[in-house]
Amino acid sequence: MIGKEIHQFAQELFHINRSLTGEGVRETLHKISEHLPNINIKSVPSGEKVFDWTVPKEWKVKEAYIVTPKGEKICDFSQNNLHLVGYSEPFEGNISFEELKSHLHTLKDQPNAIPYVTSYYKKRWGFCISQKKFNTLKDGTYKVLVDTDLFDGELNYGEVLIKGKSKKEIFLSTYICHPSMANDNLSGLTVLTFLAKWLIEIGNLDYSYRIVFVPETIGSITYLSHNYKDLKKKIVAGFNITCVGDDRSYSFLPSRNGKTISDMLAKHVLKWIDPNTLEYSWLDRGSDERQYCAPGIDLPIATIMKTKYGKFPEYHTSLDNLESVVTPKGLDKGYWAIRKTLEAIEKNKYYKSTVLCEPQMGSRGLYPTLSKKRENGEVRLMMNFISHCDGQTSLLEIADYLNLPIWDLYQIANTLKSYNLIDIK
Ligand code: ZN
(Lines give C-alpha, C1' and ligand atoms only; values in the text may rest on other atoms or scores of the structure.)
Protein backbone atom coordinates (compact mmCIF):
# COMPACT_ATOMS: atom_id res chain seq x y z
CA MET A 1 0.00 0.00 0.00
CA ILE A 2 1.58 3.24 -1.16
CA GLY A 3 -0.27 5.08 1.64
CA LYS A 4 2.23 3.61 4.10
CA GLU A 5 5.19 5.15 2.28
CA ILE A 6 3.39 8.48 1.98
CA HIS A 7 2.58 8.39 5.69
CA GLN A 8 6.22 7.72 6.51
CA PHE A 9 7.26 10.70 4.42
CA ALA A 10 4.68 12.84 6.19
CA GLN A 11 6.15 11.82 9.55
CA GLU A 12 9.58 13.04 8.41
CA LEU A 13 8.13 16.44 7.56
CA PHE A 14 5.61 16.92 10.33
CA HIS A 15 7.65 18.96 12.81
CA ILE A 16 9.29 21.32 10.35
CA ASN A 17 8.26 24.93 10.95
CA ARG A 18 6.70 25.79 7.62
CA SER A 19 5.33 29.25 6.95
CA LEU A 20 4.96 31.49 3.91
CA THR A 21 8.72 31.84 3.79
CA GLY A 22 11.84 30.74 5.59
CA GLU A 23 14.05 27.83 6.48
CA GLY A 24 11.14 25.44 7.07
CA VAL A 25 9.89 25.90 3.52
CA ARG A 26 13.38 25.32 2.13
CA GLU A 27 13.88 22.25 4.31
CA THR A 28 10.54 20.87 3.13
CA LEU A 29 11.44 21.50 -0.51
CA HIS A 30 14.80 19.84 0.09
CA LYS A 31 13.06 16.74 1.52
CA ILE A 32 10.77 16.66 -1.52
CA SER A 33 13.86 16.85 -3.75
CA GLU A 34 15.09 13.57 -2.23
CA HIS A 35 12.11 11.98 -4.00
CA LEU A 36 12.05 14.33 -6.98
CA PRO A 37 15.66 15.19 -7.83
CA ASN A 38 14.53 17.24 -10.85
CA ILE A 39 12.62 19.74 -8.76
CA ASN A 40 13.57 23.30 -9.53
CA ILE A 41 13.65 25.35 -6.35
CA LYS A 42 13.02 29.02 -7.10
CA SER A 43 13.31 32.12 -5.02
CA VAL A 44 11.57 35.47 -5.33
CA PRO A 45 12.85 38.44 -3.30
CA SER A 46 10.81 40.06 -0.53
CA GLY A 47 9.22 43.26 -1.74
CA GLU A 48 8.58 42.12 -5.32
CA LYS A 49 5.19 43.26 -6.59
CA VAL A 50 3.06 40.32 -7.71
CA PHE A 51 -0.23 41.55 -9.16
CA ASP A 52 -2.01 43.33 -6.28
CA TRP A 53 0.26 41.81 -3.62
CA THR A 54 3.83 42.15 -2.40
CA VAL A 55 6.14 39.24 -1.59
CA PRO A 56 6.44 39.40 2.21
CA LYS A 57 9.51 39.61 4.35
CA GLU A 58 11.11 36.35 5.33
CA TRP A 59 10.27 35.09 8.82
CA LYS A 60 12.77 33.37 11.06
CA VAL A 61 12.17 31.99 14.54
CA LYS A 62 15.05 31.38 16.96
CA GLU A 63 13.11 30.88 20.17
CA ALA A 64 9.70 31.69 21.58
CA TYR A 65 8.13 30.86 24.93
CA ILE A 66 6.41 32.24 28.00
CA VAL A 67 7.52 31.76 31.62
CA THR A 68 4.71 31.78 34.20
CA PRO A 69 5.04 33.55 37.59
CA LYS A 70 5.81 30.12 39.05
CA GLY A 71 8.71 29.66 36.64
CA GLU A 72 7.04 27.14 34.33
CA LYS A 73 7.95 27.43 30.66
CA ILE A 74 4.81 27.26 28.52
CA CYS A 75 3.91 27.78 24.86
CA ASP A 76 7.40 26.67 23.96
CA PHE A 77 7.89 26.91 20.19
CA SER A 78 10.56 24.23 20.33
CA GLN A 79 7.98 21.77 21.71
CA ASN A 80 5.25 22.61 19.20
CA ASN A 81 5.57 25.22 16.47
CA LEU A 82 1.81 25.84 16.57
CA HIS A 83 2.32 27.65 19.89
CA LEU A 84 3.64 30.74 18.14
CA VAL A 85 1.36 32.87 15.94
CA GLY A 86 2.80 32.64 12.44
CA TYR A 87 4.80 35.71 11.45
CA SER A 88 4.94 37.00 15.05
CA GLU A 89 7.15 40.08 15.32
CA PRO A 90 9.88 40.04 17.98
CA PHE A 91 9.04 40.89 21.60
CA GLU A 92 10.77 40.50 24.92
CA GLY A 93 9.47 41.66 28.27
CA ASN A 94 7.70 41.05 31.56
CA ILE A 95 3.98 41.69 31.36
CA SER A 96 0.86 41.22 33.47
CA PHE A 97 -1.52 38.33 32.89
CA GLU A 98 -4.12 40.88 31.81
CA GLU A 99 -1.87 42.17 29.07
CA LEU A 100 -0.68 38.68 28.09
CA LYS A 101 -4.27 37.49 27.63
CA SER A 102 -4.76 39.77 24.63
CA HIS A 103 -1.89 37.90 22.93
CA LEU A 104 -3.16 34.38 23.68
CA HIS A 105 -5.39 32.37 21.37
CA THR A 106 -7.47 29.39 22.49
CA LEU A 107 -10.39 27.34 21.25
CA LYS A 108 -13.11 27.24 23.89
CA ASP A 109 -15.05 24.38 22.35
CA GLN A 110 -11.94 22.24 21.72
CA PRO A 111 -10.18 22.56 25.09
CA ASN A 112 -7.36 20.14 24.23
CA ALA A 113 -6.46 21.74 20.92
CA ILE A 114 -3.75 24.30 20.20
CA PRO A 115 -5.20 26.52 17.46
CA TYR A 116 -3.27 27.45 14.30
CA VAL A 117 -3.15 31.24 13.97
CA THR A 118 -1.17 33.45 11.61
CA SER A 119 -0.82 37.17 11.14
CA TYR A 120 0.97 37.57 7.85
CA TYR A 121 -0.09 41.06 6.93
CA LYS A 122 -0.50 42.86 10.25
CA LYS A 123 2.44 43.18 12.61
CA ARG A 124 1.76 41.57 16.00
CA TRP A 125 2.97 38.79 18.23
CA GLY A 126 0.95 36.07 19.89
CA PHE A 127 0.83 32.57 21.27
CA CYS A 128 -1.61 29.71 20.85
CA ILE A 129 -2.46 27.56 23.83
CA SER A 130 -5.02 24.90 24.66
CA GLN A 131 -8.02 26.15 26.64
CA LYS A 132 -7.25 23.48 29.22
CA LYS A 133 -3.76 24.86 29.84
CA PHE A 134 -5.01 28.43 29.70
CA ASN A 135 -7.48 27.69 32.50
CA THR A 136 -4.59 26.84 34.82
CA LEU A 137 -2.90 30.23 34.38
CA LYS A 138 -3.01 32.65 37.33
CA ASP A 139 -2.50 36.38 37.77
CA GLY A 140 1.07 37.61 38.05
CA THR A 141 3.98 38.69 35.93
CA TYR A 142 4.83 36.62 32.86
CA LYS A 143 8.13 36.66 31.04
CA VAL A 144 7.66 36.61 27.27
CA LEU A 145 10.28 35.92 24.65
CA VAL A 146 9.54 36.04 20.95
CA ASP A 147 12.96 35.88 19.34
CA THR A 148 12.00 36.21 15.71
CA ASP A 149 13.29 38.14 12.77
CA LEU A 150 11.41 39.62 9.83
CA PHE A 151 13.83 40.64 7.13
CA ASP A 152 14.22 41.12 3.39
CA GLY A 153 14.80 37.57 2.23
CA GLU A 154 13.02 35.38 -0.23
CA LEU A 155 9.91 33.39 -0.94
CA ASN A 156 10.63 29.88 -2.19
CA TYR A 157 8.69 27.42 -4.24
CA GLY A 158 9.38 24.23 -6.12
CA GLU A 159 8.47 23.31 -9.66
CA VAL A 160 8.72 19.97 -11.45
CA LEU A 161 8.24 19.72 -15.21
CA ILE A 162 7.60 16.30 -16.70
CA LYS A 163 7.66 16.25 -20.48
CA GLY A 164 5.07 14.25 -22.39
CA LYS A 165 4.48 13.91 -26.14
CA SER A 166 2.26 16.98 -26.21
CA LYS A 167 3.17 20.51 -25.19
CA LYS A 168 -0.28 20.71 -23.59
CA GLU A 169 0.05 20.49 -19.85
CA ILE A 170 -1.69 19.16 -16.79
CA PHE A 171 -1.15 21.41 -13.78
CA LEU A 172 -0.91 20.08 -10.24
CA SER A 173 -0.43 22.41 -7.29
CA THR A 174 -0.16 22.07 -3.56
CA TYR A 175 0.90 24.34 -0.72
CA ILE A 176 3.81 24.06 1.66
CA CYS A 177 3.16 26.75 4.24
CA HIS A 178 1.42 24.95 7.10
CA PRO A 179 3.45 23.90 10.15
CA SER A 180 2.66 20.79 12.21
CA MET A 181 -0.70 19.75 10.77
CA ALA A 182 -1.45 16.64 8.78
CA ASN A 183 -4.57 16.74 6.62
CA ASP A 184 -4.24 20.47 5.99
CA ASN A 185 -1.73 20.27 4.44
CA LEU A 186 1.02 17.68 4.80
CA SER A 187 -1.27 15.21 3.07
CA GLY A 188 -1.35 17.38 -0.07
CA LEU A 189 2.36 17.85 -0.48
CA THR A 190 3.26 14.24 0.34
CA VAL A 191 0.58 12.76 -1.94
CA LEU A 192 1.62 15.11 -4.74
CA THR A 193 5.27 14.11 -4.29
CA PHE A 194 4.33 10.46 -4.77
CA LEU A 195 2.05 11.24 -7.73
CA ALA A 196 4.93 13.08 -9.38
CA LYS A 197 7.21 10.09 -8.72
CA TRP A 198 4.66 7.80 -10.35
CA LEU A 199 4.33 10.05 -13.42
CA ILE A 200 8.10 10.12 -13.82
CA GLU A 201 8.38 6.35 -13.38
CA ILE A 202 5.70 5.40 -15.92
CA GLY A 203 6.99 7.90 -18.49
CA ASN A 204 5.64 7.78 -22.06
CA LEU A 205 2.99 10.33 -21.12
CA ASP A 206 0.77 12.02 -23.67
CA TYR A 207 0.48 15.25 -21.73
CA SER A 208 3.25 17.22 -20.09
CA TYR A 209 2.91 17.83 -16.38
CA ARG A 210 3.70 20.97 -14.43
CA ILE A 211 3.76 20.38 -10.70
CA VAL A 212 4.23 23.17 -8.18
CA PHE A 213 4.78 23.30 -4.43
CA VAL A 214 4.00 26.87 -3.35
CA PRO A 215 3.08 28.70 -0.17
CA GLU A 216 -0.69 29.14 -0.24
CA THR A 217 -2.20 32.31 -1.73
CA ILE A 218 0.92 34.52 -1.96
CA GLY A 219 2.85 31.61 -3.52
CA SER A 220 0.23 30.83 -6.15
CA ILE A 221 -0.19 34.56 -6.87
CA THR A 222 3.58 34.90 -7.24
CA TYR A 223 3.76 31.83 -9.47
CA LEU A 224 0.90 33.10 -11.63
CA SER A 225 2.37 36.57 -11.92
CA HIS A 226 5.52 35.02 -13.39
CA ASN A 227 3.86 32.37 -15.55
CA TYR A 228 0.18 32.97 -16.21
CA LYS A 229 0.47 33.83 -19.91
CA ASP A 230 2.32 30.60 -20.55
CA LEU A 231 -0.09 28.63 -18.35
CA LYS A 232 -3.14 30.01 -20.13
CA LYS A 233 -1.76 28.72 -23.43
CA LYS A 234 -0.72 25.29 -22.20
CA ILE A 235 -2.87 24.07 -19.33
CA VAL A 236 -5.76 21.83 -20.33
CA ALA A 237 -6.61 20.41 -16.90
CA GLY A 238 -5.39 20.55 -13.35
CA PHE A 239 -5.96 20.10 -9.68
CA ASN A 240 -5.14 21.73 -6.38
CA ILE A 241 -4.07 18.96 -4.03
CA THR A 242 -5.07 19.43 -0.39
CA CYS A 243 -6.72 17.50 2.44
CA VAL A 244 -6.20 14.07 0.92
CA GLY A 245 -5.18 12.06 3.96
CA ASP A 246 -8.05 11.38 6.34
CA ASP A 247 -10.24 8.32 5.98
CA ARG A 248 -13.68 9.86 6.08
CA SER A 249 -15.55 11.17 3.05
CA TYR A 250 -14.36 12.06 -0.44
CA SER A 251 -15.06 15.64 -1.45
CA PHE A 252 -15.10 17.55 -4.69
CA LEU A 253 -14.79 21.28 -5.22
CA PRO A 254 -15.33 22.49 -8.80
CA SER A 255 -13.42 25.07 -10.75
CA ARG A 256 -15.17 28.44 -11.09
CA ASN A 257 -16.32 27.43 -14.55
CA GLY A 258 -17.58 24.12 -13.19
CA LYS A 259 -17.71 22.38 -16.58
CA THR A 260 -14.06 22.02 -17.50
CA ILE A 261 -12.58 18.64 -18.34
CA SER A 262 -10.98 18.62 -14.86
CA ASP A 263 -14.45 18.94 -13.31
CA MET A 264 -16.00 16.28 -15.54
CA LEU A 265 -13.25 13.72 -15.02
CA ALA A 266 -12.94 14.28 -11.29
CA LYS A 267 -16.68 13.98 -10.77
CA HIS A 268 -16.81 10.84 -12.86
CA VAL A 269 -13.93 9.18 -11.03
CA LEU A 270 -15.25 10.11 -7.59
CA LYS A 271 -18.76 8.95 -8.42
CA TRP A 272 -17.40 5.48 -9.22
CA ILE A 273 -14.99 5.34 -6.29
CA ASP A 274 -17.59 6.46 -3.78
CA PRO A 275 -21.16 7.43 -4.65
CA ASN A 276 -21.35 9.28 -1.33
CA THR A 277 -18.71 11.81 -2.35
CA LEU A 278 -19.61 15.25 -1.03
CA GLU A 279 -19.95 17.82 -3.75
CA TYR A 280 -19.22 21.42 -2.86
CA SER A 281 -19.75 24.55 -4.90
CA TRP A 282 -17.42 27.32 -5.99
CA LEU A 283 -18.84 29.34 -3.10
CA ASP A 284 -17.09 26.88 -0.75
CA ARG A 285 -13.64 27.58 -2.23
CA GLY A 286 -10.81 28.36 0.14
CA SER A 287 -7.46 27.40 -1.31
CA ASP A 288 -5.33 28.22 -4.35
CA GLU A 289 -8.18 27.57 -6.81
CA ARG A 290 -9.18 31.11 -5.78
CA GLN A 291 -6.18 32.38 -7.71
CA TYR A 292 -6.01 29.76 -10.48
CA CYS A 293 -9.66 30.29 -11.44
CA ALA A 294 -9.75 34.07 -10.93
CA PRO A 295 -11.16 36.16 -13.80
CA GLY A 296 -8.49 36.69 -16.43
CA ILE A 297 -6.48 33.71 -15.16
CA ASP A 298 -9.28 31.20 -15.80
CA LEU A 299 -7.36 27.97 -15.45
CA PRO A 300 -9.37 24.73 -15.32
CA ILE A 301 -8.41 23.81 -11.77
CA ALA A 302 -10.70 21.62 -9.67
CA THR A 303 -10.10 20.00 -6.28
CA ILE A 304 -10.37 16.36 -5.26
CA MET A 305 -10.23 15.90 -1.50
CA LYS A 306 -10.98 13.52 1.31
CA THR A 307 -12.60 15.71 4.00
CA LYS A 308 -12.52 19.32 2.87
CA TYR A 309 -10.59 21.98 4.79
CA GLY A 310 -12.83 23.69 7.31
CA LYS A 311 -15.14 20.67 7.43
CA PHE A 312 -13.33 18.40 9.87
CA PRO A 313 -13.23 19.21 13.58
CA GLU A 314 -9.43 19.00 13.83
CA TYR A 315 -8.93 21.54 11.01
CA HIS A 316 -6.31 24.23 11.79
CA THR A 317 -5.51 22.80 15.22
CA SER A 318 -2.90 20.59 16.81
CA LEU A 319 -5.46 17.75 16.65
CA ASP A 320 -4.93 17.49 12.88
CA ASN A 321 -2.28 14.84 13.34
CA LEU A 322 -0.76 11.78 11.71
CA GLU A 323 -2.20 9.38 14.26
CA SER A 324 -5.95 9.77 14.50
CA VAL A 325 -6.70 12.00 11.49
CA VAL A 326 -4.31 11.23 8.65
CA THR A 327 -3.67 7.53 8.23
CA PRO A 328 -1.87 5.35 5.67
CA LYS A 329 -5.27 4.13 4.49
CA GLY A 330 -6.62 7.66 4.13
CA LEU A 331 -3.54 8.80 2.19
CA ASP A 332 -3.79 5.72 0.00
CA LYS A 333 -7.37 6.58 -0.93
CA GLY A 334 -6.51 10.23 -1.59
CA TYR A 335 -3.57 9.20 -3.76
CA TRP A 336 -5.59 6.71 -5.81
CA ALA A 337 -8.52 9.07 -6.38
CA ILE A 338 -6.17 11.57 -8.00
CA ARG A 339 -4.09 8.96 -9.79
CA LYS A 340 -7.20 7.41 -11.34
CA THR A 341 -8.24 10.89 -12.48
CA LEU A 342 -4.83 11.52 -14.06
CA GLU A 343 -4.96 8.11 -15.75
CA ALA A 344 -8.40 9.05 -17.08
CA ILE A 345 -7.03 12.32 -18.47
CA GLU A 346 -4.31 10.41 -20.34
CA LYS A 347 -6.81 7.87 -21.70
CA ASN A 348 -9.66 10.23 -22.50
CA LYS A 349 -9.35 10.14 -26.30
CA TYR A 350 -11.79 10.59 -29.14
CA TYR A 351 -12.04 7.31 -31.03
CA LYS A 352 -13.36 6.90 -34.55
CA SER A 353 -14.49 3.64 -36.09
CA THR A 354 -12.36 2.75 -39.13
CA VAL A 355 -15.16 0.94 -40.99
CA LEU A 356 -18.59 2.02 -42.13
CA CYS A 357 -21.48 0.14 -40.53
CA GLU A 358 -20.64 -2.36 -37.82
CA PRO A 359 -17.38 -4.22 -38.31
CA GLN A 360 -17.54 -7.97 -38.76
CA MET A 361 -16.23 -9.15 -35.45
CA GLY A 362 -16.46 -12.90 -36.10
CA SER A 363 -13.88 -12.88 -38.88
CA ARG A 364 -11.43 -11.29 -36.46
CA GLY A 365 -12.11 -13.77 -33.68
CA LEU A 366 -13.71 -11.06 -31.57
CA TYR A 367 -17.19 -12.47 -31.73
CA PRO A 368 -18.62 -15.94 -31.19
CA THR A 369 -19.15 -17.35 -34.69
CA LEU A 370 -22.22 -19.24 -33.53
CA SER A 371 -24.98 -16.69 -33.20
CA LYS A 372 -27.10 -17.42 -30.17
CA LYS A 373 -30.11 -15.68 -28.72
CA ARG A 374 -28.40 -14.43 -25.63
CA GLU A 375 -25.42 -12.33 -26.45
CA ASN A 376 -22.31 -12.42 -24.41
CA GLY A 377 -22.13 -9.28 -22.18
CA GLU A 378 -18.59 -8.49 -23.17
CA VAL A 379 -19.40 -8.60 -26.86
CA ARG A 380 -22.43 -6.41 -26.33
CA LEU A 381 -20.23 -3.95 -24.47
CA MET A 382 -17.72 -3.95 -27.31
CA MET A 383 -20.46 -3.28 -29.86
CA ASN A 384 -21.95 -0.54 -27.69
CA PHE A 385 -18.52 1.00 -27.42
CA ILE A 386 -17.93 0.91 -31.18
CA SER A 387 -21.39 2.36 -31.80
CA HIS A 388 -20.22 5.55 -30.06
CA CYS A 389 -16.85 5.78 -31.81
CA ASP A 390 -17.82 8.65 -34.09
CA GLY A 391 -14.78 10.78 -33.46
CA GLN A 392 -16.90 13.35 -31.63
CA THR A 393 -17.52 11.51 -28.38
CA SER A 394 -14.80 11.25 -25.77
CA LEU A 395 -14.06 8.08 -23.87
CA LEU A 396 -15.44 9.81 -20.79
CA GLU A 397 -18.71 10.56 -22.55
CA ILE A 398 -18.94 6.97 -23.79
CA ALA A 399 -18.35 5.71 -20.25
CA ASP A 400 -21.17 7.96 -19.05
CA TYR A 401 -23.48 6.76 -21.84
CA LEU A 402 -22.76 3.17 -20.92
CA ASN A 403 -23.01 3.91 -17.20
CA LEU A 404 -19.59 2.43 -16.51
CA PRO A 405 -16.40 3.71 -14.90
CA ILE A 406 -14.04 4.94 -17.59
CA TRP A 407 -11.39 2.41 -16.54
CA ASP A 408 -13.70 -0.45 -17.61
CA LEU A 409 -13.21 0.75 -21.20
CA TYR A 410 -9.40 1.02 -21.30
CA GLN A 411 -8.89 -2.63 -22.24
CA ILE A 412 -11.69 -2.66 -24.83
CA ALA A 413 -10.29 0.47 -26.48
CA ASN A 414 -6.84 -1.12 -26.57
CA THR A 415 -8.13 -4.35 -28.08
CA LEU A 416 -10.19 -2.63 -30.76
CA LYS A 417 -7.31 -0.35 -31.58
CA SER A 418 -4.92 -3.28 -31.87
CA TYR A 419 -7.33 -4.78 -34.46
CA ASN A 420 -7.40 -1.41 -36.27
CA LEU A 421 -11.15 -1.20 -35.80
CA ILE A 422 -10.94 2.19 -34.15
CA ASP A 423 -8.44 4.98 -34.35
CA ILE A 424 -7.67 7.96 -32.21
CA LYS A 425 -9.07 11.02 -33.87
ZN1 ZN B 1 -5.09 25.77 5.95
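Further up the page is the structure itself.
The structure reproduced in this document is the subject of the present report. (Residues numbered from 1 in each chain as written. Predicted model: local features only at pLDDT ≥ 70, side-chain atom pairs only at ≥ 80, totals over all residues. Heavy atoms only, no water.)

### Here we look at the pattern of salt bridges
Note the following rule: Salt-bridge detection follows one rule: a side-chain nitrogen of Lys or Arg within 4 Å of a carboxyl oxygen of Asp or Glu. Helix and strand labels come from DSSP, where a helix needs a run of H or I of at least four residues and a strand needs a run of E of at least two; each type is numbered from the N terminus. Throughout this description, buried means an accessible area under 20% of the type-specific maximum (1.4 Å probe, protein chains only), exposed means over 50%, and partly exposed covers the range between.
Evaluated as defined, the whole model comprises 24 salt bridges. We note a salt bridge from lysine 133 to glutamate 72, for which the minimum N-O separation is 2.8 Å. Here glutamate 72 lies in the loop between β4 (58-67) and β5 (73-74) and lysine 133 lies in helix α4 (residues 131-134), a separation of 61 residues in the sequence. In this structure, lysine 329 and aspartate 247 form a salt bridge, with 3.7 Å as the shortest nitrogen-oxygen distance. Linking lysine 329 in helix α9 (residues 328-347) with aspartate 247 in the loop between β13 (235-240) and β14 (251-253), this pair joins segments that are 82 residues apart in sequence. Look at lysine 329 and you get partly exposed, because its relative accessible area is 47%. The structure contains a network of salt bridges with shared partners spanning Lys42, Glu159, Glu169, Arg210, Asp230 and Lys234.

### Thoughts on unusual backbone geometry
That bond from aspartate 184 to asparagine 185 is cis: its omega, 10 degrees, falls within 30 degrees of zero. Here asparagine 185 lies in helix α5 (residues 182-202). Phi angles above zero are rare outside glycine, and phenylalanine 51 is one such case at about 50 degrees. The topology assignment puts phenylalanine 51 in the loop between β2 (49-50) and β3 (53-54). Even without a glycine there, the phi angle at asparagine 420 is positive, about 55 degrees. By the secondary structure assignment, asparagine 420 is in the loop between α12 (410-418) and β19 (422-424). By relative accessible area, asparagine 420 is classed as exposed at 58%.

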